[in-house]
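This is what each chain is made of:
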Amino acid sequence: MLRRSAISFFLVLVGICGWARTRPHYGGTLRVEVDGDGITSPDATLFHLVLDGLTRDGINGQLAPALATDWKSTDGDRRWEFTLREGVTFHNGYPLTADRVIASLTQDCGGACEWSSLKAQGSTLIFTSDAPMPELPWLLVEDRFLVRLMDTGEGKEPPCCIGTGPYQLAGERSGTFTLTANENYWGGQPYIDRLELVTKRSVRDQWLDLSVGRADVVEVPPEELRLAQQQRMTVLSSPPVDLLALEISTDGALANQPLRAAISLAIDRGALFNVIFQKQGEITASILPQEVSGYAFLFPAERDLGKAQQLLGGVKPPKLSLGYEGGGSMQLAAQRIALNLHEAGIDVQVTSALHADLLLRSIPLASADPAAALESVLGAAGEATPLAATLPTAVYRAEHDFLDRKTLVPLLDLPRAYAVGARVRDLTLGSNGTPDLANAWLEVTQ
Amino acid sequence: MRLSRLVRTVAATLALVALCSDAPAQSPWQQPASDLASQIASILGRGTARLIIRNLSSLSVDEIPAIRKLLEQDLRALGVVANSAPKDTVVRVTLSETAHGFTWVAEVIQSDDTQVAVVDLPSSKNSQTPAPVQFMLRREALITTREPVLDALDLEGTMILLAPAEIDVETHSQTGWIKAQTTPNPARLQLARDPRGMLLPLVRGPGFDAWLAGLHCTGSPAQAPAAGWTIECQASDDPWPLTSTPVNSEPAPAGPVPIPPPSPPPAQTPPPLTQIRVFYDAARNYFTGVVSPSLGVDLPPFYSAAVLERSTGAALVINSIDGKVLLAANGKLIPVNGTSDWGSDFALIYSGCGDGEQIIVSGAGNSSPGNSPADTLRAFQITGSDATAASSPLVIDGTVTALWTAPDSKSVLAVIRNSQNQYEVDRVTALCD
């Protein structure tokens, strides 16, 4: 497992090699194509280019400053002070102020913030809460806390995506976003002058565009990684950053915990891994990957059909519905799970509806920090209570106790991957699998 | 800071102290073993337990007896007698690993009940040093830091480090370099993403000149030694000097200036370099191509340049941003042959070997997926418009991020981002056959 991760890690680090080392060139237009809308998480490519957070994932998964230059906590992590970076402006020239950050963050969490109060004191943001918030700097890395301009002072909400990021939105036409380099970016002007982000493009069309030079960066779903390598595409692959999991409702017959446990035991993760996802990623029964927690092996992932049938006690449950997010491989995976459950004596109808008894989801692991990542996944699964402590043993217990309820069944940890064109240089993937386009550059065409 | 990170930091510090101390060697596993034993004992209370250890990490099996011994000792001190093989109480310790370090997991199994204790500790597996190399070029590590370094200057017991956001003064002690003073650069946001900077010693007295994008700084030691260094910076678009030796701050003469032919350099003695200055584009990572005094030929933007002293006058070698290596001499600009594997950075060195002067050039090594980036440094001689390799490639464990001629002109200073993402300043010298 570690060896495979190490290979992925090096693939990410190395990027594309094989030419004399040269300093990055400025200029050019890069075309990126994605299947999603570019805005909705986890593939919020547009937001990652246009917006910054107070903190960010740094090298080797370490926490790094972004719009905040430093932070400190007092009162047992109940009070946090974040100092804003000086001299930063939004893309429309408005200065970044503590009040504007507060407006954005407050809107982002929609009244369900992790903190009870957020105030400005000069260029310092002060978060306070009745409960300890040891993970706050890590939580602020998440996409939902990216900072955008909420008010231009004209009493109306500004158009989408005025941020402080390395690129600014110049226009949108038929799902293609045009972005230009932010010359005043606090982290240094990006090398590539112009990006075209083509959204809602099928993977098949993306690959075709890459092959004829109409695209520079395209997506490679995990199940297509092997095919991409066979086709000698240059592929960047991340460590596992998405958790494929089955969410189980607690309504109706599923209020019965043994039934949920039986569903959990009846699923054949090996078949999903080998057949549907072409042996990419890792089989898992834990929320946090082994590379993050170090204790994933404690959660057995083997199928136990006999025990599942034993838990059902000979009683046939009512027919359940199984929905899935996305399409293609997710639909195939849902059908495979339905087959597994049928073998255990549980009838399941696969549906494209998201409101179902069972829902197959891909949940991004938003952080390389175990406690923050767990809190993020639990939040995505409807468990918004912050962890009481972040010591390794406490994180394990929180994960164990949550999984014991059998409302979320982890199945696979999946990587993210992209194929890149020949003229793209120094493109790497962040620890969350997002391409770092601001540090990429284009080879000059001779 | 999160408590778990604090624990990791403490564990890392203890491990490092244990590894580096001259005192009787303390095992790096002592602290984590103690922590884990404490958690196990709090679950188990006093009694006996069978201790099983398995290794799922990259730790050598040779380490396991020492870890077992430590755990047994610590458990015994807490009232738990291990390894007495009772059937109903088992402590299974798994030596596991994450992407960031080792993790030890104890499963305390009592009848049907299993409780778990976990401790994190940093991995020392990345502390390997690169294999020694035997080439004509020799590297000597001067200093290693976690923060990016643009240039360094060794001023007899004081090391000046130029970083994108600050200038550090390091003093030498018995244990190595210690940061004595940090002076933040005036806040500037419009930096190139790949910033560059250079340091030169002052013409008179101890001190330095520093050039950064849009900024010029000077530093000198205060009269009272305890007062540290006085460092002053001001916004400046003045051109940067193309030399490794001290320069006068006086502006260069305007207009084309004929450059007198220098005397042939005696072996081992660097000749006085012609003081050519070049304008740096503050929003990019390159020089604009405008030089002062003018060489009588238009230059394209370039990353690196070196002044070669020739019998017909000074010649300027540049590496243009489109990857071409060009020679500006006698009012002409001609390509240099034999430079297809040159990277963007090079620096002149007066080694005394061969023709006396060589250019040390960075290049890409044997990097491929599955290997860490490994740049190379190699010496070249330029005869006419032909570059010929004068040394074998010196393989670097990392990426060369800056290359400047050292003040003594007999060596170059290379800044290397190594595989541990640390920045290492190396002095590179050429050894004559």
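About the thresholds
- Residues numbered from 1 in each chain as written.
- Chains lettered and ligands numbered in written order.
- Predicted model: local features only at pLDDT ≥ 70, side-chain atom pairs only at ≥ 80, totals over all residues.
- Heavy atoms only, no water.
- Helix = DSSP H or I, 4+ residues; strand = E, 2+ residues; numbered from the N terminus.
- Buried < 20%, exposed > 50% of the residue type's maximum accessible area, 1.4 Å probe, protein only.
- Contact = heavy atoms within 4.5 Å.
- Areas by Shrake-Rupley, 256 points an atom, 1.4 Å probe, with all protein chains shown as cover.
- Core = buried A, V, L, I, M, F, W, Y, C linked by side-chain atoms within 4.5 Å.
- Domains from an automatic or database assignment.
- Buried area = accessible area lost by both parts, 1.4 Å probe.
- Salt bridge = Lys/Arg side-chain N within 4 Å of Asp/Glu carboxyl O.
- Polar contact = N/O pair within 3.5 Å; in protein donor to acceptor, adjacent residues only side chain to side chain.
- Nonpolar A, V, L, I, M, F, W, Y, C, P; charged D, E, K, R; others polar.
- Axes fitted to C-alpha atoms, helices over the stretch in contact; angles between N-to-C directions.
- Parallel < 35°, antiparallel > 145°, perpendicular 65-115°, else oblique.
- Left-handed = near helix turned anticlockwise from the far one by under 90°.
- Pairing = 2+ DSSP bridges.
- Disulfide = S-S within 2.5 Å.

To continue, consider the overall build of chain B. Within chain B, the regular secondary structure consists of 3 helices and 29 strands. In chain B, buried positions account for 49% of the 433 residues. Pairs at least 24 residues apart make up 51% of the contacts formed inside chain B by residues separated by at least 6 positions. With an accessible surface of roughly 19900 Å², chain B has 52% of that area assigned to carbon and sulfur atoms.

With that out of the way, let us pick up the nonpolar core. In terms of nonpolar packing, the biggest core is built from 35 residues, with Trp-240, Val-291, Leu-299, Phe-302, Leu-316 and Val-425 of chain B touching the most fellow members. Other than its neighbours up to four places away in sequence, Leu-316 of chain B contacts Leu-242, Val-291, Leu-295, Leu-299, Ala-305, Ala-306, Val-307, Leu-326, Leu-327 and Ala-328 of chain B. Residues Leu-259, Phe-277, Tyr-324 and Ile-337 of chain A belong to the second largest nonpolar core, which totals 33 residues.

Next up on the list: the domain arrangement of chain A. When the parts of a complex come together, some accessible area is lost, and that lost area is often used as the size of the interface. All names here are of chain A. According to the domain assignment, chain A contains domain 1 (29-45 + 165-238 + 417-442), domain 2 (52-145) and domain 3 (242-414). Of the roughly 730 Å² buried between domain 1 and domain 3, counting both surfaces, carbon and sulfur atoms make up 59%. The interface formed by domain 1 and domain 3 includes 0 salt bridges. Our count for the contact surface shared by domain 1 and domain 3 stands at 1 residue pair in polar contact (both at pLDDT 80 or more). By residue class, the composition of the side of domain 1 that touches domain 3 is 3 nonpolar, no polar and 2 charged.

Attention shifts here to the packing of helix 7 (residues 257-266) of chain A against helix 10 (residues 305-312) of chain A. All names here are of chain A. One can describe the packing of helix 7 onto helix 10 by two numbers: an axis separation of 8 Å at closest approach and a directional angle of 165°. Looking at the two axes, helix 7 sits roughly antiparallel to helix 10. Here helix 7 and helix 10 pass one another in a crossing that is left-handed. Residues Pro-258, Leu-259, Ala-261, Ala-262, Leu-265 and Ala-266 of helix 7 form the contact with helix 10, whose participating residues are Leu-305, Lys-307, Ala-308, Leu-311 and Leu-312.

All names here are of chain B. In spatial order, the strands read 7-8-9-10; together these 4 strands make up an open sheet with antiparallel pairing. Both edges of this open sheet fall to strand 7 (151-154) and strand 10 (176-184), since each of them pairs with a single strand only. On average, each strand axis in the sheet is tilted by 20° relative to the strand beside it, whichever way the strands run. Sheet topology places strand 8 (residues 158-162) next to strand 9 (residues 166-173); 5 bridges connect them, and they run antiparallel. Residue pairing in the sheet places Ile-160 in a bridge with Val-169 of strand 9.

Residues and elements named next belong to chain B. In this structure the tally under the stated criterion is 1 disulfide over all chains. Residue Cys-217 pairs covalently with Cys-233 via a disulfide, S to S 2.1 Å. Measuring the twist about the S-S bond at about 110°, one finds the Cys-217-Cys-233 disulfide to be right-handed. Placement of the pair is Cys-217 in strand 13 (residues 215-221) and Cys-233 in strand 14 (residues 229-235), with a sequence separation of 16 residues. By relative accessible area, Cys-217 is classed as buried at 0%.

Glancing now at the environment of Gly-58 of chain A. All names here are of chain A. In this fold, Gly-58 is placed in the loop between strand 2 (55-57) and strand 3 (63-65). Under the relative-accessibility criterion, Gly-58 is labelled buried at 17%. Each C-alpha atom of the pair Gly-58 and Leu-169 lies 24 Å from the other, and the pair is 111 residues apart in sequence.

Here we come to the sheet that holds strand 17 (residues 358-364) of chain A. Residue and element names in this part refer to chain A. Strand order in the open sheet formed by 6 strands is 14-18-13-17-15-16, and the pairing between neighbours is mixed. Strand pairing shows two members of the sheet lacking a second neighbour, strand 14 (282-283) and strand 16 (348-350), which therefore form its edges. Two elements, strand 13 (residues 242-248) and strand 18 (residues 408-414), share 6 bridges in a ladder whose sense is antiparallel. Directly across from Leu-243, in strand 18, lies its bridge partner Asp-413.

Take the pairing of strand 22 (residues 346-350) of chain B next. Residues and elements named next belong to chain B. Where burial is concerned, most of strand 22 is hidden: 5 out of the 5 residues are buried. Going residue by residue along strand 22, you find Phe-346, Leu-348 and Tyr-350 tucked away on one face and Ala-347 and Ile-349 tucked away on the opposite face as well. For strand 22 and strand 23 (residues 357-364), the ladder comprises 5 bridges, and the chain directions are antiparallel. Across the sheet, the residue bridging to Ala-347 is Ile-360, located in strand 23. Remark: 6 residues form the turn of the hairpin made by strand 22 and strand 23, two consecutive strands paired antiparallel; Gly-352 in that turn has positive phi of roughly 85°.

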